[in-house]
Amino acid sequence: MATLFRRSNGIYYLVTKIGGRQTWKSTGSTSKSGALKFVSDLERKVLQKPEISLRQFASQFLETAKVNLAPTTVSLYKQAFKAFERIAGDNSLGRFILPDLDQPIMGVVFVVNKL
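The shown structure was predicted, so the numbers you read here are calculated from the model rather than taken from an experiment.

Undergrad: In this structure, what is going on with the pattern of salt bridges? I would like to understand it.
TA: It is possible for side chains of opposite charge to pair when their charged atoms get near one another. Under the criterion given, the structure shown has five salt bridges. The partner of R55 in a salt bridge is D90, with the nearest N and O atoms 3.6 Å apart. Here R55 is found in helix α2 (residues 54-68), whereas its partner D90 is found in the loop between α3 (71-88) and β4 (96-97), with 35 residues between them in sequence. Residue R55 is classed as partly exposed on the basis of its relative accessible area of 48%. Here the salt bridges share partners, and the residues they tie into one network are K37, D41 and R44.

Next comes the structure, spelled out in C-alpha cells:
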C-alpha cells in the first residue's frame, strides 16, 4: 500500500514498502493534482510488461557480469542462459511465468505463456 502526503517543505512524497523496507519517492510537485499525475505515470510504468527478449537480456546481463564477477562465474551464467534458451526459446521475458516463487530454485518449473 502506498501513501501520498505533503511534507513541511510543501512537496508531496509517495511512501511505499518494497521488500520489507520503507521507501520514499519525491513527486517533485507542490500541488496535489501534480502529485497524483506523478503517481498515475509511475503506476503505468510499473505495470508495463518488458519488451526485451531472453537473448537481449542475457547479453545485457553478461556484459554487466563481466565487470562485476569472476570469468568462471560469467562462463557458468552464459552456459545456463544458452541451455534455458534451447528449452524455452528466445521469447519476450514478459511471456515467462514462474508458477511458485516460494519453491527452491531446483524445483521451479517454468511455463511459456501461449498468448
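Undergrad: What exactly am I supposed to notice about the sheet that holds strand β2 (residues 12-18) here?
TA: Remark on secondary structure: sheet strands pair via backbone hydrogen bonds, oriented parallel or antiparallel. Strand order in the open sheet formed by three strands is β1-β2-β3, and the pairing between neighbours is antiparallel. The open sheet has two free edges, formed respectively by β1 (3-6) and β3 (21-26), since each of these has just one partner strand. The mean inter-strand angle of the sheet, taken between neighbouring strand axes irrespective of direction, is 30°. Here β1 pairs with β2 via four bridges, running antiparallel.

Undergrad: Is there a simple way to think about the packing of aromatic side chains in this case?
TA: To describe a pair of aromatic rings, you give the distance between the ring centres and the angle between the ring planes. One pass over the structure, following the stated rule, counts six aromatic pairs. Here the aromatic rings of F5 and W24 are separated by 5.4 Å at their centres, their planes lie at 85°, and the arrangement is edge-to-face. Here F5, found in strand β1, pairs with W24, found in strand β3; they are 19 residues apart in sequence, far enough to count as distant. Among the aromatic residues, those joined into a cluster by ring pairs are F57, F61, Y77 and F81. Directly above the ring of Y13 sits R7, whose terminal nitrogen or CZ lies 5.3 Å from the centroid.

Undergrad: Which parts of the structure should I look at to understand the side chain of E85?
TA: Within the element layout of this structure, E85 appears in helix α3. Excluding its chain neighbours within four sequence positions, the residues that come into contact with E85 are L54, R55 and D90.

Undergrad: What exactly am I supposed to notice about the environment of V15 here?
TA: Note on placement: V15 falls in strand β2. With 13 residues separating them along the chain, V15 and A2 place their C-alpha atoms 5.6 Å apart.

Undergrad: I'm lost on the nonpolar core in this one. Help?
TA: One broad rule of soluble globular proteins: the nonpolar side chains tend to lie buried together. Ranked by size, the top nonpolar core spans six residues in total: L54, A58, L62, A65, V74 and F81. When contributions to this core are tallied by element, the ones reaching two or more residues are α2 and α3. The greatest single-element share of this core, amounting to four residues, is contributed by α2.

Undergrad: Explanation requested: the pairing of β2 in the structure shown.
TA: Each regular strand displays side chains that alternate between the two surfaces of the sheet. Of all seven residues making up β2, five are buried, and the element is well covered by its neighbours. Between the antiparallel neighbours β1 and β2 lie five residues, among them G10 with a positive phi of about 90°. Pairing between β2 and β3: six bridges, direction antiparallel. In the strand pairing of β3, I18 is matched with R21.

About the thresholds
- Residues numbered from 1 in each chain as written.
- Predicted model: local features only at pLDDT ≥ 70, side-chain atom pairs only at ≥ 80, totals over all residues.
- Heavy atoms only, no water.
- Salt bridge = Lys/Arg side-chain N within 4 Å of Asp/Glu carboxyl O.
- Helix = DSSP H or I, 4+ residues; strand = E, 2+ residues; numbered from the N terminus.
- Buried < 20%, exposed > 50% of the residue type's maximum accessible area, 1.4 Å probe, protein only.
- Pairing = 2+ DSSP bridges.
- Axes fitted to C-alpha atoms, helices over the stretch in contact; angles between N-to-C directions.
- Phe/Tyr/Trp six-rings, centres within 6.5 Å; stacked < 30°, edge-to-face > 60°.
- Lys NZ or Arg CZ within 6 Å of the ring centre and 35° of its normal.
- Contact = heavy atoms within 4.5 Å.
- Core = buried A, V, L, I, M, F, W, Y, C linked by side-chain atoms within 4.5 Å.

Honestly, it's all geometry; don't read function into it.
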